[in-house]
Amino acid sequence: QSVLTQPPSVSAAPGQTVTISCSGIFSNIGNNAVCWYQQLPGTAPKLLIYDNHIRPSGIHERFSASKTGSSATLAISGLQTGDEADYYCGCWDGDLKIYLFGAGTKLTVL
Amino acid sequence: QVTVRESGPAVVKPTQTLTLTCDFSGFSPTASGTCLTWIRQPPGKALEWLARIDWDDDTYYNTSLKTRLTISRGPPRNQVALILVNVEPADTGTYYCARMRGYYRIDYWGQGILVSVSS
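Attention in this report is confined to the structure presented alongside it. (Residues numbered from 1 in each chain as written. Chains lettered and ligands numbered in written order. Predicted model: local features only at pLDDT ≥ 70, side-chain atom pairs only at ≥ 80, totals over all residues. Heavy atoms only, no water.)

**A short note on the nonpolar core**
Okay, step 1: Ranked by size, the top nonpolar core spans 46 residues in total, and within it A:Trp36 and A:Phe101 carry the most contacts.
Okay, step 2: In terms of residues, this core owes the most to one element, strand E7 (residues 85-93) of chain A, which gives six residues.
Okay, step 3: Listed in part, the 26 residues of the second largest apolar core include B:Val2, B:Phe27, B:Ile53 and B:Val115. (Core = buried A, V, L, I, M, F, W, Y, C linked by side-chain atoms within 4.5 Å. Buried < 20%, exposed > 50% of the residue type's maximum accessible area, 1.4 Å probe, protein only. Helix = DSSP H or I, 4+ residues; strand = E, 2+ residues; numbered from the N terminus.)

**Comments concerning the state of the cysteines**
Okay, step 1: Counting across every chain of the model gives two disulfides over all chains.
Okay, step 2: Here A:Cys22 connects covalently by a disulfide to A:Cys89, the sulfurs 2.0 Å from one another. Taking the sign of the S-S torsion, 75 degrees for the link of A:Cys22 and A:Cys89, the bridge is right-handed. Of this pair, A:Cys22 sits in strand E2 (residues 18-23) while A:Cys89 sits in strand E7, and the two are 67 residues apart along the sequence.
Okay, step 3: Exposure remark for A:Cys22: the relative accessible area of 0% places this residue in the buried category.
Okay, step 4: With a relative accessible area of 0%, A:Cys89 lands in the buried category.
Okay, step 5: With a sulfur-sulfur separation of 2.0 Å, B:Cys22 is cross-linked through a disulfide to B:Cys97. Since a negative S-S torsion denotes a left-handed disulfide, the B:Cys22-B:Cys97 link at about -75 degrees is left-handed. Highlighted residues: B:Cys22 in strand E3 (residues 18-25) and B:Cys97 in strand E9 (residues 93-101), separated in sequence by 75 residues.
Okay, step 6: Take B:Cys97: its relative accessible area is 0%, and that puts it in the buried class.
Okay, step 7: A:Cys91 forms no disulfide, and the closest cysteine sulfur to it belongs to A:Cys22, at a distance of 7.6 Å. (Disulfide = S-S within 2.5 Å.)

**Quick word on the side chain of A:Asn28**
All names here are of chain A.
Okay, step 1: For Asn28, the location among the structural elements is in the loop between E2 and strand E3 (34-39).
Okay, step 2: Taking relative accessible area as the criterion, Asn28 reaches 0% and is therefore assigned buried.
Okay, step 3: Side-chain polar atoms of Asn28 contact the side chain of Asp93, separated by 3.1 Å.
Okay, step 4: Apart from the residues within four sequence positions on either side, Asn28 is in contact with Val3, Leu4, Cys91, Trp92, Asp93 and Leu100. (Polar contact = N/O pair within 3.5 Å; in protein donor to acceptor, adjacent residues only side chain to side chain. Contact = heavy atoms within 4.5 Å.)

**Observations concerning the pairing of strand E5 (residues 48-54) of chain B**
Every regular strand shows the same layout, with side chains that alternate between the two sheet faces.
Residues and elements named next belong to chain B.
Okay, step 1: E5 sits mainly inside the fold: six of its seven residues count as buried.
Okay, step 2: Pairing analysis gives six bridges linking strand E4 (residues 34-41) to E5, with the strands arranged antiparallel. Residue Arg40 lies in a different strand from E5, and its bridge partner there is Glu48.
Okay, step 3: Connecting E4 to the antiparallel partner E5 that follows it, the hairpin turn spans six residues, and Gly44 within it adopts a positive phi of roughly 75 degrees. (Pairing = 2+ DSSP bridges.)

Given below as structure tokens:
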């Protein structure tokens, strides 16, 4: 069971905006930077967001994220069918000294 | 250009030891804040972080697996290994090696290697 809590699935129509939440506690999200990873079907995960809200080079501005307290949120606007993937939040836990992933959220673009 | 690549056996028998190797290039493993890390993913399931070795050789392990795991650095300089002892069918999955920067962001992933534990 993951310590970072994500919804199992989300869905929306093409062109719409969807948000994915990631909830933790102070020792992880509350006191450390959050990353988001995108895993397209059959491929390795890819870094989508780091430092809570920063996009690596090459990641479209349709992907944005934020953090408040011990919760983080990923938003994807202008949804495309190519965005269908599993999305994971990740964060270091300073008390446990381990890296945590959420259980993943499957995005379906209807 | 950063590259990361995993290698190892595709099949391992229960109770045996799994040894995976990660070969990387395009960065220095001893640059401050640089780590190599292993993550696995059982078929159809979520990512599970396994272990990390830092630029200064500090190591960290998944709490529930730490008695069975060892992460170590080469030689060669651009290689890291992961050893998992006493494997069981629940250890079946795709194992990823990746670069971690700043102790938290996993920015370059290998393609992964599928390992099956089966007799």
